[in-house]
Amino acid sequence: MKRLLYFYIILFFSLVSCGDDPVSYTWPDFEWEETSYQTREVRNLPYFVVPQSGGQFTFKCTNYPSFDFDTKLTTYTFAPFEYDTCVSYANWDKKGNVVNITFAPNDTITRYCLCTFGVANAGGILRFVQEGVK
């Protein structure tokens with residue numbers, strides 16, 4: 001009798017779990033209020049241009065009331081790829097859905113900085129480029 005009961009339970013759950021529409025656990029990408037910050041394309045991706053003298057950038061997310069940033073900003077050079085943190089020259093603070101990212105002046109090589117963020121199953125990247133001494 002117990003075997004028959006187990007059989008019916010397994011049959012029930014196998015039939016209930018089958019379906020044509022898979023459950024989607026993806027969330028929409030982050031959307032930001034339009035900004036007037038200058039951008040340029042680097043390897044077919046948009047980067048915000050940070051002046052060599054540094055500056056502050058403010059972004060407001062329009063589709064999530066709050067979100068988390070990774071614990072660090074990442075900097076890299078393209079050839080060869082070298083990764084490091086941006087914490088020595090960039091910092092950020094966040095209140096709700098508004099983030100401020102501040103860059104120090106750059107007296108070294110060109111910096112490429114990624115600011116990654118996420119909420120639940122959604123994420124995104126803000127990309128920055130800051131020219132160095134020429």
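As the structure is a prediction and not an experimental result, all values here were calculated from the model.

Structurally, Q130 can be placed in strand β10 (residues 122-130). You can call Q130 buried: its relative accessible area is 2%. Reaching out from Q130, the side chain makes a polar contact with the backbone oxygen of A104 at a distance of 3.0 Å. When sequence neighbours within four positions are dropped, the list of residues in contact with Q130 reads V50, P51, Q52, G54, Y89, F103, A104, P105, N106, I109, T110 and R111.

Overall, the coordinates contain zero disulfides when judged by the stated rule. Unpaired in this structure, C115 has its nearest cysteine sulfur neighbour in C113, at a distance of 6.9 Å.

Rules used throughout
- Residues numbered from 1 in each chain as written.
- Predicted model: local features only at pLDDT ≥ 70, side-chain atom pairs only at ≥ 80, totals over all residues.
- Heavy atoms only, no water.
- Helix = DSSP H or I, 4+ residues; strand = E, 2+ residues; numbered from the N terminus.
- Buried < 20%, exposed > 50% of the residue type's maximum accessible area, 1.4 Å probe, protein only.
- Polar contact = N/O pair within 3.5 Å; in protein donor to acceptor, adjacent residues only side chain to side chain.
- Contact = heavy atoms within 4.5 Å.
- Disulfide = S-S within 2.5 Å.

Shape is all these values report; function is a separate question.
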